[in-house]
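Observations on chain architecture
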Amino acid sequence: MMRTCQRGVAAPRLLLALAVATLLCVSPASAGTGEVAAHAKVSALTAGLGVSASDRFGWSVASLGDFDGNGSTDLVVGAPFDDDAGTDTGAVYIVTLAADGSVTDVDKITEGAGGLSANLFDSDWFGWSVASLGDLDGDGTTDIAVGALQDDSSNNDAGAIYILFLNPNGTVKAEQRITGAQGGFGVFLEALAWFGCSIANLGDVDGDGVIDLGVGSFGDSENGVFRGAMYVLFLNSDGTVKAHQKINDSNGGLSADILDGDEFGWAAAGLGDLDGDGVEDMAVGAILDDSGNGDAGAVYVLFLNSDGTVKQHVKISSEAAGFETLLDQQDHFGRGVANIGDLNGDGVTDLAVGAVWDDDGAEKAGATYVLLMASDGTVIGEQKISATEGNFSATLQEGDTFGNSLAPLGDLNADGSLDIAVGADHDDDGSPDAGAVYLLFLDADAFSDIGNALAGTHGDPLLEGQGQFVLGQFVGVSLTNALESTLAWFVGSVAQLNVAFKGGVLVPDPTLGFAIALSTGPTGDSATLGGFWPSGVPSGVPVIFQCWIPDPGAIQGFAASNAVQGLTP
């Protein structure tokens, strides 16, 4: 039985039949909204890590994929102020997980532990940044890169990164250090360059079969004090550098106006081939960028050429590039950046971005934004997660700096939505500033907003999804903020058309779906169009809705709602 609502009709089974008929080469994916459905916490209290006061576990975090072979995503986590080998020498942890977010094993790597042969010195801050390298040396085990921000090998606090080739038990088999004078890099790094502040696996940028890295140097002052820079490192399979390309406001084709103190390069993430040109792309944080507010922060989306230069860029900052939030002064948006996969099922990679000095709930408690992306690098949707937003039920304290680091978890709990790891390095579980990592299981609501509204008499009509694609549960869409007492045409399809129409964009393809007219009420709302989810629907089928409303206040006589899209699990 399909559900019928007041002033409405039931959604016909035709849409489901069409979904089956048109299922050709669609790959299964997850769909989610970015709100938090549940969470787990990894800390000294919850996982028996053995971290101490001021270790700042969770300062950095990266996904290892399924390191231990149990079917769940695992993590490498940095604690750069660990004192085992000397004051603030630093450490990293290999943390393996179960599907519910519980910790199954922990292995620590620092001087004298975990097979690391390097000599670490006081305040090297080994573990400031971490990245997974995949199986760089081809031995069947995932390898990692680790930043040591204040390594002095080539200059005072110039920085270094370590390429660590791992054994299956999480210990170090071999290592390669990259500094200005080591590892084939061959670059003069000035004092306080802080090379290694961020490390991103960019995939194979130059097409030689070996992954390449983006490495930040936020203290770079080539053109002004602490403007920052990124280096694209083209690697050999032994972890040495074959070639490199510097990116700042005078190198590498970047046309952005980077100012003194912006600290471009603080965080970085590989984006895959976001724009579909066959070359990997990158996101870079500049946490002290002043766009919109002093030190509010920004994220640059860099579309790369195969030589590591920048083809074009988009800057995401306060109320810019589709990001609708007005950031506060010193939010430090861009402190953490992660490619979290395609959360809303539209075929485009989405981002998580940390704003660690956000004051929701308490001063500097921190926040994380989930950004739904378009292939041109702009934002089409966003969800803030903090002590007061995003349905996050954890209690964040003053100064926790939730969002300092971010990593994708895939669909860790297998609920049909992608999940993320978020560092809170000042968390006090066990002891002050011991640090923690939250595992956020994101909401698997059926539909996500993909934009393209066209304003009418009352502004943009709003179409919202309800329910989940779960057998026997109700799922549907409902319209509000439309012109009152008129017909609203619900257009449903299993494919996007994205064609110009009546001054806007018709998103669903009506030739692969249907259109149904429902009357709006006296306040501009309409019935909910939907029904109870049946059995036998294939996975990976997109379901797209948009409403078109005759409206004399619209530019060509029609207003349009935003489109929403779901993907059958």
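Residues numbered from 1 in each chain as written. Predicted model: local features only at pLDDT ≥ 70, side-chain atom pairs only at ≥ 80, totals over all residues. Heavy atoms only, no water.

1. Some points on the overall build of the protein
Each helix and strand counted, the protein has 2 helices and 35 strands in total. What you see for the protein is a C-alpha radius of gyration of 24 Å, in line with the 25 Å of a compact globule of 569 residues. When burial is assessed residue by residue, the protein has 58% of its 569 residues classed as buried. Sequence separation of at least 24 residues holds for 60% of the intrachain contacts in the protein that already meet a minimum separation of 6. Surface accessibility of the protein: about 19300 Å² in total, with carbon and sulfur atoms responsible for 48%. A gap of 4 Å separates the mean positions of the 17 positive and 78 negative side-chain charges of the protein. (Helix = DSSP H or I, 4+ residues; strand = E, 2+ residues; numbered from the N terminus. Rg over C-alpha atoms; globule rule 2.2 N^0.38 Å. Buried < 20%, exposed > 50% of the residue type's maximum accessible area, 1.4 Å probe, protein only. Contact = heavy atoms within 4.5 Å. Areas by Shrake-Rupley, 256 points an atom, 1.4 Å probe, with all protein chains shown as cover. Lys, Arg positive; Asp, Glu negative; His and termini not counted. Charge placed at Lys NZ, Arg CZ, Asp CG, Glu CD.)

2. Here we look at the domain arrangement of the protein
Each assigned domain of the protein is listed with its residue range as follows: domain 1 (35-443) and domain 2 (447-568). Its C-alpha centre places domain 1 at a distance of 37 Å from the equivalent point of domain 2. Counting each side, the surface lost to burial between domain 1 and domain 2 is near 460 Å², with a carbon and sulfur contribution of 46%. When the buried surface of domain 1 facing domain 2 is broken down by residue, Asn344, Gly345 and Ile380 rank first, second and third, together holding 70% of it. (Domains from an automatic or database assignment. Buried area = accessible area lost by both parts, 1.4 Å probe.)

3. Digging into the packing of aromatic side chains
Per the stated rule, a full pass over the model turns up 23 aromatic pairs. Measuring from centroid to centroid gives 5.9 Å for Trp59 and Phe81, while their planes differ by 85°, and the two rings are edge-to-face. Of the two residues, Trp59 is situated in the loop between helix H2 (44-47) and strand S2 (60-65) and Phe81 in the loop between strand S3 (74-79) and strand S4 (91-97); the sequence distance between them amounts to 22 residues. Take Trp59: its relative accessible area is 7%, and that puts it in the buried class. The class for Phe81 is buried, based on a relative accessible area of 9%. When the ring of Phe392 is compared with that of Phe402, the centres are 5.1 Å apart and the planes differ by 25°; the resulting orientation is stacked. Linking Phe392 in the loop between strand S21 (379-385) and strand S22 (402-410) with Phe402 in strand S22, this pair joins segments that are 10 residues apart in sequence. Linked through ring pairs, Trp59, Phe81, Trp125, Trp128, Trp194, Phe218, Phe226 and Trp266 together constitute an aromatic cluster. Against the face of Trp357 rests Lys364, its NZ or CZ located 3.8 Å from the ring centre. (Phe/Tyr/Trp six-rings, centres within 6.5 Å; stacked < 30°, edge-to-face > 60°. Lys NZ or Arg CZ within 6 Å of the ring centre and 35° of its normal.)

4. A word on the sheet that holds strand S10 (residues 195-203)
The antiparallel open sheet is built from 4 strands, whose spatial order is S10-S11-S12-S13. Edge positions in the open sheet fall to S10 and strand S13 (241-247), since each of these has one partner strand only. With direction set aside, neighbouring strand axes in the sheet form an average angle of 25°. Sheet topology note: the strand S12 (residues 229-235)/S13 ladder contains 6 bridges and is antiparallel. When the bridges of S13 are listed, Tyr231 appears paired with Lys246. (Pairing = 2+ DSSP bridges. Axes fitted to C-alpha atoms, helices over the stretch in contact; angles between N-to-C directions.)

5. Looking at the pairing of strand S9 (residues 172-178)
Pairing analysis gives 6 bridges linking strand S8 (residues 160-166) to S9, with the strands arranged antiparallel. In the sheet register, Tyr162 faces S9, and the bridge partner there is Arg177.

6. What to know about the pattern of salt bridges
Once their charged atoms are close, side chains differing in charge can pair, the charge on each being opposite to the other. With the rule as written, the count across this model stands at 19 salt bridges. For the salt bridge of Asp429 with Lys41, the shortest nitrogen-to-oxygen distance reads 3.1 Å. In this pair, Asp429 sits in the loop between strand S23 (419-424) and strand S24 (436-442) while Lys41 sits in strand S1 (residues 36-43), placing the two residues 388 residues apart along the sequence. Owing to a relative accessible area of 16%, Asp429 belongs among the buried residues under this scheme. (Salt bridge = Lys/Arg side-chain N within 4 Å of Asp/Glu carboxyl O.)

7. As for a negative patch on the surface
The grouping of Glu319, Glu324, Asp449 and Glu464 at the surface amounts to a negative patch. The residue Asp449 is located in strand S25 (residues 447-451) in this model. (Patch = residues over 30% accessible without salt bridge, like charges linked within 9 Å, V, L, I, M, F, W, Y side chains within 5 Å.)

8. A closer look at a nonpolar patch on the surface
Taken together, the side chains of Leu497, Val499 and Phe501 make up a nonpolar region of the molecular surface, amounting to roughly 210 Å² of accessible area. Along the chain, Leu497 turns up in strand S29 (residues 496-501). Leu497 sits in the partly exposed class, given a relative accessible area of 36%.

9. Overview of the environment of Gly186
You can see Gly186 is positioned in the loop between S9 and S10. When the C-alpha positions of Gly186 and Gly410 are compared, they lie 37 Å apart, and in sequence the two are 224 residues distant.

10. Notes on the confidence of the model for the protein
Summary statistics for the protein give a mean pLDDT of 90 and a share of 92% for residues scoring 70 or more. Across residues 1-14, where pLDDT falls below 50, the model places 39 contacts with residues more than four positions away in sequence or in other chains. Counted against residues more than four places away or in other chains, residues 16-31, with its pLDDT under 50, gives 39 contacts. (pLDDT = per-residue confidence, 0-100.)

11. What about the sheet that holds S1?
Across a sheet, paired strands are connected by hydrogen bonds in the backbone, their directions being either parallel or antiparallel. Overall, antiparallel pairing links the 4 strands, which are arranged S1-S24-S23-S22 in an open sheet. Two strands close off the open sheet at either side, each with one partner strand: S1 and S22. Direction aside, the axes of adjacent strands within the sheet are offset by 25° on average.

12. Considering the side chain of Asp427
Relative to the helices and strands, Asp427 resides in the loop between S23 and S24. Under the relative-accessibility criterion, Asp427 is labelled buried at 3%. Contact partners of Asp427, with chain neighbours within four places excluded, come to Lys41, Asp400, Asp433, Ala434, Gly435, Ala436 and Tyr438.

13. Observations regarding the environment of Ala560
Assignment of secondary structure puts Ala560 in strand S34 (residues 558-560). Separated by 278 residues in the primary sequence, Ala560 and Met282 have C-alpha atoms spaced 33 Å apart. Excluding its chain neighbours within four sequence positions, the residues that come into contact with Ala560 are Ala453, Leu454, Pro461, Gln546, Cys547 and Trp548.

14. Regarding the nonpolar core
In terms of nonpolar packing, the biggest core is built from 34 residues, with Trp128, Phe333 and Leu371 touching the most fellow members. Every element with two or more residues in this core is listed here: strand S14 (264-272), strand S16 (298-304), strand S17 (310-316), strand S18 (333-341), strand S19 (350-355) and strand S20 (367-373). Residue contributions to this core peak at 4 residues, all from S14. Those residues within four positions of Trp128 in sequence are excluded, and the remaining contacts are Trp59, Ser60, Pro80, Phe81, Gly147, Leu149, Gly196, Cys197, Phe218 and Trp266. Ranked by size, the runner-up nonpolar core spans 23 residues in total, among them Phe165, Ile178, Ile199 and Ile211. (Core = buried A, V, L, I, M, F, W, Y, C linked by side-chain atoms within 4.5 Å.)

15. Considering the environment of Ile544
By the secondary structure assignment, Ile544 is in strand S33 (residues 542-550). Residue classification places Ile544 among the buried positions, given a relative accessible area of 0%. Separated by 501 residues in sequence, Ile544 and Ser43 place their C-alpha atoms 41 Å apart. In this structure, Ile544 is in contact with Val491, Gly492, Ser493, Val494, Ala495, Gln496, Val507, Pro508, Val564 and Gln565, ignoring residues within four places of it in sequence.

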